[in-house]
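Chain and residue survey
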Amino acid sequence: SQKIEQNSEALNIQEGKTATLTCNYTNYSPAYLQWYRQDPGRGPVFLLLIRENEKEKRKERLKVTFDTTLKQSLFHITASQPADSATYLCAQPQASGGSYIPTFGRGTSLIVHP
Amino acid sequence: EAGVTQSPTHLIKTRGQQATLRCSPISGHTSVYWYQQALGLGLQFLLWYDEGEERNRGNFPPRFSGRQFPNYSSELNVNALELEDSALYLCASSLRETLFTEAFFGQGTRLTVV
């Protein structure tokens with residue numbers, strides 16, 4: 001079955017640097033990938049969606065890429081700030097019982113140091 | 001406009017008891033998704049309801065059940081609670097036609113089983 005893999009180790013970076021988070025998947029390429037931000041004890045907040053025919057998507061300081069050959073999506077935060085510290089989740093639809101179920105990776109914790 | 005609301009925010013139950021969690025979707029959204037997020041783990045898909053019907057179900061035992069009401073709000077019931085059921089339970093809603101491409105999460109219900 002499809003697996004979504006995110007780096008389980010926390011990413012520590014200095015304020016102002018670019019943070020790059022990775023989401024790898026096995027088997028088939030999904031129709032789209034999503035990235036969410038989750039703060040401790042809170043529900044995920046949707047950030048960006050990128051479709052399989054899109055190579056790159058941007059929103060303010062955020063950029064997402066989707067490489068169907070590498071079966072990988074990269075999530076970048078430029079000019080990172082301590083307020084960007086959170087867990088970032090990637091998600092994709094997976095076939096299940098005749099429909100598609102949104103399936104999440106475990107997330108990568110980002111810590112931005114002042 | 002109000003977002004997805006979940007109640008209660010915290011719930012403490014004894015092993016063997018039943019828990020009922022509630023979710024009110026964003027106005028106009030007909031799809032409701034339930035997820036379990038145990039400590040240190042990713043979001044695990046539980047149930048998907050749309051237009052009052054259960055559309056899909058994750059790999060959870062039958063003691064996890066739910067329903068969706070005519071106003072599209074939803075309940076998640078967990079019977080015969082076990083200690084491992086302690087987790088953050090998240091609800092998300094979306095328009096039927098957008099499925100999960102535009103989904104919004106509530107803040108979750110923290111269930112603690114003692």
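Here is what the cut-offs are and how they apply
- Residues numbered from 1 in each chain as written.
- Chains lettered and ligands numbered in written order.
- Predicted model: local features only at pLDDT ≥ 70, side-chain atom pairs only at ≥ 80, totals over all residues.
- Heavy atoms only, no water.
- Buried < 20%, exposed > 50% of the residue type's maximum accessible area, 1.4 Å probe, protein only.
- Helix = DSSP H or I, 4+ residues; strand = E, 2+ residues; numbered from the N terminus.
- Pairing = 2+ DSSP bridges.
- Disulfide = S-S within 2.5 Å.
- Axes fitted to C-alpha atoms, helices over the stretch in contact; angles between N-to-C directions.
- Core = buried A, V, L, I, M, F, W, Y, C linked by side-chain atoms within 4.5 Å.
- Salt bridge = Lys/Arg side-chain N within 4 Å of Asp/Glu carboxyl O.

1. Details of the pairing of strand β3 (residues 19-24) of chain B
Residue and element names in this part refer to chain B. Burial along β3 is one-sided: Ala19, Leu21 and Cys23 are buried, and none of Thr20, Arg22 and Ser24, which face the opposite way, are. The pairing of strand β1 (residues 5-7) with β3 spans 3 bridges and is classified as antiparallel. If you follow Gln6 over to β3, its bridge partner there is Cys23. Summarising the sheet, β3 and strand β8 (residues 74-78) pair through 5 bridges and their orientation is antiparallel. By the bridge assignment, Arg22 is partnered in β8 with Glu75.

2. A word on the state of the cysteines
Under the counting rule described, the total for this entry stands at 2 disulfides over all chains. In this model Cys23 of chain A forms its disulfide with Cys90 of chain A; the gap between the sulfur atoms is 2.0 Å. Note on the Cys23 of chain A and Cys90 of chain A pair: the S-S dihedral is about 60°, so by sign convention the disulfide is right-handed. Highlighted residues: Cys23 of chain A in strand β3 (residues 19-25) and Cys90 of chain A in strand β9 (residues 86-96), separated in sequence by 67 residues. One exposure class covers both Cys23 of chain A and Cys90 of chain A, and it is buried. Sulfur-sulfur distance for the disulfide between Cys23 of chain B and Cys91 of chain B comes to 1.7 Å.

3. Concerning the sheet that holds strand β7 (residues 64-68) of chain B
Residue and element names in this part refer to chain B. Read from one edge of the open sheet, 4 strands run β1-β3-β8-β7, paired in antiparallel fashion. Edge positions in the open sheet fall to β1 and β7, since each of these has one partner strand only. Geometrically, the sheet is characterised by an average inter-axis angle of 15° between neighbouring strands, direction not taken into account.

4. Brief notes about the nonpolar core
With 22 residues, the main nonpolar core has Leu21, Trp34, Leu46, Leu76, Tyr89 and Leu111 of chain B as its most contacted residues. Among the secondary structure elements, those contributing two or more residues to this core are β3, β4 (31-37), β5 (44-50), β8, β9 (87-94) and β11 (109-113) of chain B. Membership of the second largest hydrophobic core comes to 21 residues, among which are Ile13, Cys23, Tyr25 and Leu62 of chain A.

5. Some details on the pattern of salt bridges
Throughout the structure, instances matching the rule amount to 10 salt bridges over all chains. Salt-bridge contacts for Arg61 of chain A lead to Asp84 of chain A; the nearest nitrogen and oxygen are separated by 2.9 Å. Placement of the pair is Arg61 of chain A in the loop between β6 (56-59) and β7 (62-67) and Asp84 of chain A in the loop between β8 (72-77) and β9, with a sequence separation of 23 residues. Among the salt bridges present, the one from Arg63 of chain B reaches Glu82 of chain B, with a minimum N-O distance of 3.4 Å. Here the residue Arg63 of chain B occupies a position in the loop between β6 (53-57) and β7, and Glu82 of chain B occupies one in the loop between β8 and β9, the gap between them amounting to 19 residues. Put simply, Glu56, Arg58 and Lys63 of chain A are held in one network by salt bridges that share partners.

6. Regarding the sheet that holds β8 of chain A
All names here are of chain A. Here we have 5 strands laid out as an open sheet, ordered β1-β3-β8-β7-β6, and antiparallel in their pairing. Edge positions in the sheet fall to β1 (4-6) and β6, since each of these pairs with one other strand and no more. For this sheet, the mean inter-axis angle between neighbouring strands, taken without regard to orientation, is 15°. Bridge analysis of β1 against β3 gives 3 bridges, and the strand direction is antiparallel.

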